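Structure assessment
Spelled out from the first residue to the last, the chains are:
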Amino acid sequence: MDKNLALKHKKLFRKALYLSAELEEVNDVFEVCKAEFFKEVSETGCKPPSLSLASAVDSLDDNLEDILSEEDSHKPPAEGFKKLYRKIMLKAHPDKLIGIKDDDLRQLYSDVCAKTMKAMEEESWYMLYGAALDIGIKNIELKDEHINFLTEDCSKIDDAVKKIKSSIPWVWFHSNDNIKKMCIEQYSSKYS
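Residues numbered from 1 in each chain as written. Predicted model: local features only at pLDDT ≥ 70, side-chain atom pairs only at ≥ 80, totals over all residues. Heavy atoms only, no water.

**Section: the overall build of the chain**
- Looking only at helices and strands, the chain has eight helices and zero strands in total.
- Listing the helices and strands of the chain from first to last along the sequence gives α-α-α-α-α-α-α-α.
- When each of the 192 residues of the chain is scored for burial, the buried share is 35%.
- Taking contacts inside the chain between residues at least 6 apart in sequence as the whole, the part at least 24 apart equals 75%.
- As displayed, the chain offers around 11,900 Å² of accessible surface, 51% of which is attributable to carbon and sulfur atoms. (Helix = DSSP H or I, 4+ residues; strand = E, 2+ residues; numbered from the N terminus. Buried < 20%, exposed > 50% of the residue type's maximum accessible area, 1.4 Å probe, protein only. Contact = heavy atoms within 4.5 Å. Areas by Shrake-Rupley, 256 points an atom, 1.4 Å probe, with all protein chains shown as cover.)

Dropping the structure here:
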């Protein structure tokens, strides 16, 4: 295996893990931002009469979900994922876990199986590669396409973080009183 390729892959994989952890944290903070924002909208009476607070929350969730789940026109070659997917499933598929008596080990393999299936659905190389590492699969043949997959994974995760951080509830929550007032007015005018 090309040593430079392996090093670049390792660096990008770590970056994807970092960005994924950041996205998880941002999502947790966003839930607080959103709750506080809609509480304030409700208390100020700025919400439009035609839109209930529950509808506003649902609308915002739908908008963010649309933003975060935009389809990328690039589809990775199935073979780029299938080989590693098969290796993982040979060890972690529920049918293979019948003889394992250790509950913790069986749970680990079950979790890896779920992570692997999610990785395939989302076409996420870093998630798939991470699942392989979780159960000790080593000597994974890396190719240039895997670098491209990781680069795309990092870009998608970073974009998702940026979208959330530019949302009205996020900006409102992290701003001074003047900006907060503007955010509520902007949100209210958007739905009137």
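After that view of the structure, there is still more to cover.
**Description of the packing of helix α1 (residues 3-44) against helix α6 (residues 144-165)**
- Contact geometry for α1 and α6: axes closest at 9 Å, N-to-C directions at 20 degrees. By the criterion of interaxial angle, the relationship of α1 to α6 is roughly parallel. Note that α1 runs across α6; the crossing there is left-handed.
- Counted by class, the contact of α1 with α6 contains 15 nonpolar, five polar and six charged residues. (Axes fitted to C-alpha atoms, helices over the stretch in contact; angles between N-to-C directions. Parallel < 35°, antiparallel > 145°, perpendicular 65-115°, else oblique. Left-handed = near helix turned anticlockwise from the far one by under 90°. Nonpolar A, V, L, I, M, F, W, Y, C, P; charged D, E, K, R; others polar.)

**Quick look at the environment of N27**
- Structurally, N27 is set in helix α1.
- Note: C-alpha distance between N27 and A160 (133 residues apart in sequence) is 9.7 Å.

**A closer look at the side chain of D153**
- Examined against the element boundaries, D153 turns out to sit in helix α6.
- Of the side chains with opposite charge, K156 comes closest to the buried, unpaired D153, at an N-O distance of 5.1 Å.
- Residue contacts for D153: discarding those within four places in its chain leaves E123, S124, W125 and Y126. (Lys, Arg positive; Asp, Glu negative; His and termini not counted. Salt bridge = Lys/Arg side-chain N within 4 Å of Asp/Glu carboxyl O.)

**Details of helix α5 (residues 125-134)**
- Counting buried residues in α5 gives eight out of ten residues, a clear majority hidden from the surface.
- Trailing α5 by a residue or two, G136 shows a phi angle of about 80 degrees, which is positive.

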